[in-house]
2 protein chains.
Amino acid sequence: MSKTRIGIIGYGNIGRGVEAAVKQNSDIELVAIFTRRPPETLQTNSPAKVIMISDAERYTDSIDVMLLCGGSATDLPEQGPQFARMFNTVDTFDTHARIPEYFDKVNASALAGGKTGIISVGWDPGLFSMLRMISGAILPKGMDYTFWGKGVSQGHSDAIRRVPGVKNGIQYTVPFKTAIERVRTGSNPELSTREKHFRECYVVAEEDADKTRIEAEIKNMPNYFADYNTTVNFITEEDLKKNHSKMPHGGFVFRSGFTGESKANNHIIEFSLKLDSNPEFTSNVLLAYARAAHRMNREGLTGGKTVFDVPLSYLSPQSNSELRRKLL
Amino acid sequence: MSKTRIGIIGYGNIGRGVEAAVKQNSDIELVAIFTRRPPETLQTNSPAKVIMISDAERYTDSIDVMLLCGGSATDLPEQGPQFARMFNTVDTFDTHARIPEYFDKVNASALAGGKTGIISVGWDPGLFSMLRMISGAILPKGMDYTFWGKGVSQGHSDAIRRVPGVKNGIQYTVPFKTAIERVRTGSNPELSTREKHFRECYVVAEEDADKTRIEAEIKNMPNYFADYNTTVNFITEEDLKKNHSKMPHGGFVFRSGFTGESKANNHIIEFSLKLDSNPEFTSNVLLAYARAAHRMNREGLTGGKTVFDVPLSYLSPQSNSELRRKLL
């Protein structure tokens, strides 16, 4: 079978992660990285060409799948529909509330161009969504629980950095182990927002800033922190760089349900991730779905798709008979 | 959408579990239970008809999917290929080494009859296989670990009961928590058979039987117990009935892999099940795949299938747009 030739649009954390992931997959070839920056300013880690994004359409014959590695706020709403008309695409669109609208646009473009566009790939949305879906279909009577972390939340870290007197900062979302244990026992607890997660902030204050005021302002920030137990730790810029520069994340998805005539039998399905690098792991998920997008398109399965539409075998480089023999 | 009308072949633990599961799924209707026993001798828990298995072919127009609930040793090798020609089927064939051969036979029959036959559904093979496959596709560099239990192994319980002087008995396979913890830390340990699981036996001895000899004979039994640390507990028949009549099971699937240029970033994917009733949970999985078999067949996707071939959305009674809105 010939290789799946991919392109990367957007060279941030995810784009760099995809570039690294290609080296672990011998059936995938990275053709080019597309950027809005002057191409010669990019320091890449592979022999792939670096091209102006405006020249992407010249690559429709040499790229099988374009991986859209930009952000959900402004990049993808524009790039998704635009590129799905020219290329098979995979993206990480993660603004939950806008998924239906985004799907419709990508679907229309992909159908018009005879392409396959898989949206909202990663781990949440993505693997976590798949597990919620499978588990609910298997145990129709039951409760769902999702916990995130311990991991860095970009949105909350940004919020900290907007507080006057804050030079730099990072925020970890942390699930309560006791809450997870209560779910694991099958007791189906009702858990409030405050009982599920707490928030750990590491803050570098400007010289002479009023730390008491900063701490209070963070802890009382509506939407972000007011509904949680929050700790604020003041540290030095060096400490931040040395101990908080990785981007770990993870989480837990549970379905706790019952079967049988008398509801006597309880069952717990648990799925969890513990990731040293959120963007690198997400990139590896994207790459598996790039393989699937290519195969689905060759089989005439065009239009917008999600993780719910992709047969699992399409994620693997192994043949169906190998999978049955080795993994079933 | 019209209901999926199912039939059950074989009224043992799984057949009864499917019968109960139907009551949790309003889009599925149980039409009939087929048995080799005299139909009037079956005490069922639903208004479904009980029919001689030899009359099944008269139901090809009134049943959309036949659930084959017999055993893998002798029932399914015969029934799978036989019924896949007449009905869409779902089964729990779990003799790993014979899956390729079994698949080929079911596939040939299903193709000849224009039907869809999904084989080897349940949790292992089944959900565990899916998780192994997905995880390996996402993290191509890494190690797989599967632990089973704590749960009843029928094969090992049967082996105990064949020992002279044993009146009754049950065996639990139990994973070592310490081994699971070592995998969770990402240390990628090499684990021997003895280090992964131990075996707990509860034995009812015949009066005047030599318990020391029974214990030694169990512990030294090749293939079944000799390679494991095994405990043998002698109990009364009453104790066995009271405390060991449920069929709990479960287990853990791990993928521990790395990404990035320097292998610096490790990731752990963990999936686990904790089941009060192995057969009832397995039955619920079967029922979700019955829904999928029906839909795949309506869409012209005929032949033999496995969990690797089924798009996940086909397991759910919800529409694709509902799934995207609520679960993605």
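Structural data are supplied above this passage.
Residues numbered from 1 in each chain as written. Chains lettered and ligands numbered in written order. Predicted model: local features only at pLDDT ≥ 70, side-chain atom pairs only at ≥ 80, totals over all residues. Heavy atoms only, no water.

A. Highlighting the interface of chain B and chain A. Taken together, the contacts link 66 residues of chain B with 66 residues of chain A. With both chains or domains summed, chain B and chain A bury close to 5900 Å², and 62% of this area falls on carbon and sulfur atoms. If you look at where chain B meets chain A, you find 30 residue pairs in polar contact (both at pLDDT 80 or more). Of all the elements in the fold, those that place two or more residues in the side of chain B that touches chain A are α3 (99–113), α4 (127–138), β12 (249–259), β13 (265–275), α10 (278–298) and α11 (320–327) of chain B. Looking at the side of chain B that touches chain A element by element, the count peaks at eleven residues for β13(B). Its residues assigned to classes, the side of chain B that touches chain A comprises 33 nonpolar, 19 polar and 14 charged. With nine bridges joining them, strand β13 (residues 265–275) of chain A and β13(B) adopt antiparallel strand pairing. Among the inter-strand pairings, A:H267 is bridged to a residue of β13(B), identified as B:L275. (Contact = heavy atoms within 4.5 Å. Buried area = accessible area lost by both parts, 1.4 Å probe. Polar contact = N/O pair within 3.5 Å; in protein donor to acceptor, adjacent residues only side chain to side chain. Helix = DSSP H or I, 4+ residues; strand = E, 2+ residues; numbered from the N terminus. Nonpolar A, V, L, I, M, F, W, Y, C, P; charged D, E, K, R; others polar. Pairing = 2+ DSSP bridges.)

B. Geometry of the relation of the copies chain B and chain A. After a rotation of 180° and a shift along the axis of 0.0 Å, chain B superposes on chain A with an RMSD of 0.1 Å. Here the two chains are linked by the operation of a two-fold rotation axis. Residue by residue, 100% of the interface of chain B is reproduced at the interface of chain A, so both copies engage with the same surface. (Least-squares fit on C-alpha atoms with pLDDT ≥ 70 in both.)

C. Representation of the sheet that holds strand β10 (residues 197–205) of chain B. All names here are of chain B. With respect to topology, four strands assemble into an open sheet ordered β8-β9-β10-β11, the strand pairing being mixed. Each end of this open sheet is capped by a strand with a single partner; those strands are β8 (151–152) and β11 (230–234). When strand β9 (residues 166–175) meets β10, the two strands line up antiparallel, connected through nine bridges. Within the sheet, the bridge partner assigned to V166 lies in β10 and is A205. Of the strands in this sheet, β8, β9 and β10 touch helix α5 (residues 154–161), which is tilted by about 145° from β9. (Axes fitted to C-alpha atoms, helices over the stretch in contact; angles between N-to-C directions.)

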